[in-house]
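Each chain is listed here by its residues.
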Amino acid sequence: MPLRDTLLNLAITCVLVLIIVLVAILLKESRPDPLPALPVSVAQLPPGQSLENGPAALPEFKVFPKARFIESRTNEADTLRIKVSDTEDEQVFVLYFVDALDASWTHPQRVQEQARYFDVSGEKVVSEGLKATQYVTQLLKARPFSVMTRWEQVPERSRFYALILVEHTPGSWVYLADLLVQQGFARVAGVTTSLPSDARSLNDYALELQALRKQAEQRKAGVWAASKL
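Caption draft 1: Up close: the side chain of Asp 78. Relative to the assigned elements, Asp 78 resides in the loop between strand E4 (68-69) and strand E5 (79-83). With no salt bridge to any partner, buried Asp 78 finds its closest opposite charge in Arg 110, at an N-O distance of 6.6 Å. Sequence-distant contacts of Asp 78, that is, excluding residues within four places in its chain, are made with Phe 93, Val 94, Leu 95, Val 98, Asp 99 and Ala 100.

Caption draft 2: Quick peek at helix H5 (residues 202-219). The first and last C-alpha atoms of H5 sit 26 Å apart over 18 residues, in line with the 26 Å expected at 1.5 Å per residue. All buried positions along H5 are accounted for by Tyr 205, Leu 209, Leu 212, Arg 213, Ala 216 and Glu 217. Seen along its axis, H5 keeps its buried residues to an arc of 140°; they face one direction. Facing away from the buried side of H5 by more than 90 degrees, the exposed set consists of Asn 203, Leu 207 and Gln 218. Along its buried surface, H5 packs onto helix H2 (108-118), strand E10 (172-175), helix H4 (176-182) and strand E11 (186-188). Of the residues one or two after H5, Lys 220 is the one with positive phi, at around 60°.

Caption draft 3: Quick look at the packing of H2 against helix H3 (residues 122-142). Taken N-terminus to C-terminus, the directions of H2 and H3 make an angle of 100°; their axes are 8 Å apart at the nearest point. It follows that H2 is roughly perpendicular to H3 by the angle criterion. When H2 is examined against H3, the residues Val 111, Gln 114 and Ala 115 are found in contact with a partner set consisting of Gly 122, Val 125 and Val 126. When the residues that make up the contact of H2 with H3 are grouped by side-chain class, the tally is four nonpolar, two polar and no charged.

Cut-offs used in this document
- Residues numbered from 1 in each chain as written.
- Predicted model: local features only at pLDDT ≥ 70, side-chain atom pairs only at ≥ 80, totals over all residues.
- Heavy atoms only, no water.
- Helix = DSSP H or I, 4+ residues; strand = E, 2+ residues; numbered from the N terminus.
- Buried < 20%, exposed > 50% of the residue type's maximum accessible area, 1.4 Å probe, protein only.
- Lys, Arg positive; Asp, Glu negative; His and termini not counted.
- Salt bridge = Lys/Arg side-chain N within 4 Å of Asp/Glu carboxyl O.
- Contact = heavy atoms within 4.5 Å.
- Expected span 1.5 Å × (residues − 1).
- Arc of directions from axis to C-beta.
- Axes fitted to C-alpha atoms, helices over the stretch in contact; angles between N-to-C directions.
- Parallel < 35°, antiparallel > 145°, perpendicular 65-115°, else oblique.
- Nonpolar A, V, L, I, M, F, W, Y, C, P; charged D, E, K, R; others polar.

Shown next, in the form of structure tokens:
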């Protein structure tokens, strides 16, 4: 190759490299500075829970006699958003002892499990689950109730197990779990616990719940009306 052509190619290459370098510099200067990281506040944790050791249930139940029901689209008959006192944040509580009918298809496997238990369709489970949610909503908005919790956390969820005691009639208090079973809105299942300030043993109370379930089935209450059992 003649020397002149070689020099010409070299000059063209140098010009192209220079253009690429200039373009890179311009792009870098036009790029906006990264946004500063926003400070993250530490979540307020309920009693019995710590960031270092994870959730730890209290040895004894704490009773909140002036709890207030909070309406939420995520509420179901056994999973309820409640503000237990003016000094505590709102929390979602899941009832001990019962598994109430699901009010949506969010968890289809659980809906199908409930459908097999009651021998009804999944659609019937959800429709009765909506009725169960409405029943609990109206009940807790109209009647005084207490929340009893040890801040035992539902596995892998920011929810806590609780017992809810409702003034069903003046001077007569009953566990919400009992009412759900009586109404045919729940099966006896889930996590159990001892009963605070209650003479009944865990076994005695479980037998009473099963008796209530049998009565609801015989009366064709709630979802039992559609059951083939």
